[in-house]
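Given next are the chains, with one letter for each unit.
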Amino acid sequence: MRSEPVRDLGLTLPVLAAPMAGGAGTPALVEAAARAGGLGFLAAGYRTPQQLAEQITATAATGLPFGVNLFAPNPLPVDPAALRRYAELIAVEADRLGVALDTAAPPVEDDDGWQGKVDVLRAQPVPVVSFAFGIPPRADLAALRRTGALLVQTVTTAAEARAAAEAGVDALAVQAPVAGGHSGTLTPTRPPADIALDDLVAAVRHAVDLPVIACGGLATPEAVAAAVRAGAQAVAVGTALLRSDEAGTSAAHRAALAEPDRTTVLTRAFTGRPARALRNAFTDRYGPAAPYGYPALHHLTGPIRRAAAAAGDAERLHLWAGTGFRHAAAQPAAVILRRLADQL
Ligand SMILES: Cc1cc2nc3c(=O)[nH]c(=O)nc-3n(C[C@H](O)[C@H](O)[C@H](O)COP(=O)(O)O)c2cc1C
């Protein structure tokens, strides 16, 4: 097992803060994870290359190790007619929030500024770069490798692990389907089957000889210890940090996470790509009707979600959460991360 790359980062706490785009992940959370002896990831998703460059500059100034996470291109174009039908269906929610929704607007099919962000990382190298949604083109992987960064690919099956190993990454973030937020699946129209994280880690370890960072549903010290026993060199948590002091989670999202009667659902209602969220009125009403199409649906529903967050309306908001959300505590991130390492 090639565990050196992860060991070389000199981490004393193998419980990492997973990347969280869309506001929950913050530079403060990344810094707190590093100060605790672990590692955090600046989430580049939805940011401009310029914003990413500024966050890297600020975080690098701490002198602490950190990672940057990118959404790698893996287009999931929407059927424009299906998008229009969906826009007409959800327009009532926009009306309710006083948001103008242009139901006839053409789909927005961008690649989240991929090339610009690769260029930023070439100009401002960071210790770790991780990828979700797609495996980057070889030339970009080679360019990022030359910066000295450790390259980490999110995978959700043993077959994806083999593809990532073949592409030449250094380590894998092995994500179970109970994880909060978007699934990192490379085949979003065929989301991964239910599998326990420990079984997935074991299957990936059997398939490839790369260090594994296990994630998805980890919310207790017992679960973290089990993932390490299954063969993970480190683990990463997202949901467990959503109510932490340093997270940028909206007030409505924080409050919903503290409601123990909530359940989670894998839904494409908000973004057209499977993501795990707390069930709410929006996922119930529109989940079954939503077409696949990322990022077209993300852009379509964005104004509704922003207005809902501002209004404190948790029923029209993407409440990303993994199944461990009941353990998410309102505490400093370092306390949460250290407690999760209690049984290692
Ligand atoms: C609010 C939120 C945002 C996320 N954003 C990203 C992201 O930008 N990139 C990524 O690779 N994973 C993202 N994820 C997934 C996490 O990195 C991680 O895989 C997941 O949180 C682990 O499962 P857990 O939530 O059960 O701990 C996000 C998760 C959440 C909860």
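It should be noted that the structure appears before, not after, this text.
What counts as what
Residues numbered from 1 in each chain as written. Predicted model: local features only at pLDDT ≥ 70, side-chain atom pairs only at ≥ 80, totals over all residues. Heavy atoms only, no water. Helix = DSSP H or I, 4+ residues; strand = E, 2+ residues; numbered from the N terminus. Rg over C-alpha atoms; globule rule 2.2 N^0.38 Å. Buried < 20%, exposed > 50% of the residue type's maximum accessible area, 1.4 Å probe, protein only. Contact = heavy atoms within 4.5 Å. Lys, Arg positive; Asp, Glu negative; His and termini not counted. Charge placed at Lys NZ, Arg CZ, Asp CG, Glu CD. 1 Å grid on protein atoms, 1.4 Å probe; cavity = no way out; pocket = protein on both sides within 12 Å on 5 of 7 lines; lining within 4 Å. Points joined across faces, edges and corners; volume = space filled by probe spheres on them. Near = heavy atom within 4 Å. Polar contact = N/O pair within 3.5 Å; in protein donor to acceptor, adjacent residues only side chain to side chain. Areas by Shrake-Rupley, 256 points an atom, 1.4 Å probe, with all protein chains shown as cover. Nonpolar A, V, L, I, M, F, W, Y, C, P; charged D, E, K, R; others polar. Axes fitted to C-alpha atoms, helices over the stretch in contact; angles between N-to-C directions. Parallel < 35°, antiparallel > 145°, perpendicular 65-115°, else oblique. Left-handed = near helix turned anticlockwise from the far one by under 90°.

A. Molecular detail of the overall build of the chain. Scanning the chain from N- to C-terminus turns up 13 helices and 11 strands. For a compact globule of 344 residues, the expected C-alpha radius of gyration is about 20 Å, and the chain comes in at 19 Å, within 12% of that figure. Along the first, second and third principal axes, the C-alpha atoms of the chain reach 55 × 45 × 40 Å. Relative to its 344 residues, the chain shows a buried fraction of 56%. A separation threshold of at least 6 residues defines the contact pool for the chain, and within that pool the share at least 24 residues apart is 69%. Taken as two groups, the 30 positive and 31 negative side-chain charges of the chain have centres that lie 1 Å from each other.

B. Fine view of unusual backbone geometry. Following Tyr 294, the chain continues into Pro 295 via a peptide bond in cis, with omega recorded as 10°. Note on placement: Pro 295 falls in the loop between α11 (281-286) and α12 (296-311). Phi at Tyr 46 is positive, roughly 70°, even though this residue is not glycine. Residue placement: Tyr 46 occurs in the loop between β2 (41-43) and α3 (49-60).

C. Inspection of empty space enclosed by the protein at higher detail. Per the stated rule, a full pass over the model turns up three cavities of 30 Å³ or more. When its volume is computed, the largest cavity comes out at roughly 50 Å³. Around the largest cavity, the lining is made up of 10 residues, and of these Leu 9, Leu 16, Leu 39, Leu 150 and Ile 213 lie nearest the centre.

D. How the structure looks around the environment of Pro 127. With respect to the helices and strands, Pro 127 occurs in the loop between α5 (114-123) and β4 (128-132). Pro 127 sits in the partly exposed class, given a relative accessible area of 31%. In this structure the C-alpha to C-alpha distance between Pro 127 and Leu 83, which are 44 residues apart in sequence, comes to 39 Å. Every residue in contact with Pro 127, bar those within four places of it in the chain, is listed here: Leu 9, Pro 65, Phe 66, Gly 148, Ala 149 and Leu 150.

E. Structural detail: the site of the ligand. Inspection of the region around the ligand gives 20 residues, with Pro 19, Asn 69, Gly 217, Gly 238 and Thr 239 positioned closest. One of the backbone nitrogen or oxygen atoms of Ala 21 is found 3.0 Å away from a nitrogen atom of the ligand. The separation between a nitrogen atom of the ligand and a polar side-chain atom of Asn 69 is 2.7 Å. Taking 600 Å² as the accessible area of the ligand by itself, protein coverage stands at 95%. In terms of residue class, the shell around the ligand is made up of 11 nonpolar, nine polar and no charged.

F. Spotlight on the packing of α5 against helix α6 (residues 138-146). Running from N to C, α5 and α6 point in directions that differ by 20°, and their axes come no closer than 9 Å. Classified by the angle between their axes, α5 and α6 sit roughly parallel to one another. When the axes of α5 and α6 are compared, the crossing they make is left-handed. Each of Trp 114, Gln 115, Val 118, Leu 121 and Arg 122 in α5 lies in contact with α6, whose residues at this interface are Asp 140, Ala 143 and Leu 144.

G. Broad picture of the side chain of Thr 156. Tracing the backbone through its elements, the reader meets Thr 156 in the loop between β5 (150-155) and α7 (158-167). In this structure Thr 156 touches Gln 175, Ser 183, Gly 184, Thr 185, Pro 192 and Leu 200, once residues within four positions along its chain are discounted.

H. Spotlight on the environment of Glu 160. Position of Glu 160 among the secondary structure elements: in helix α7. Judged by relative accessible area, Glu 160 falls into the buried class, the value being 7%. Between the C-alpha atom of Glu 160 and that of Ala 196, which follows or precedes it by 36 residues, the distance is 16 Å. Among all residues touching Glu 160, those that are not within four sequence positions of it are Val 155, Thr 185, Leu 186 and Thr 187.

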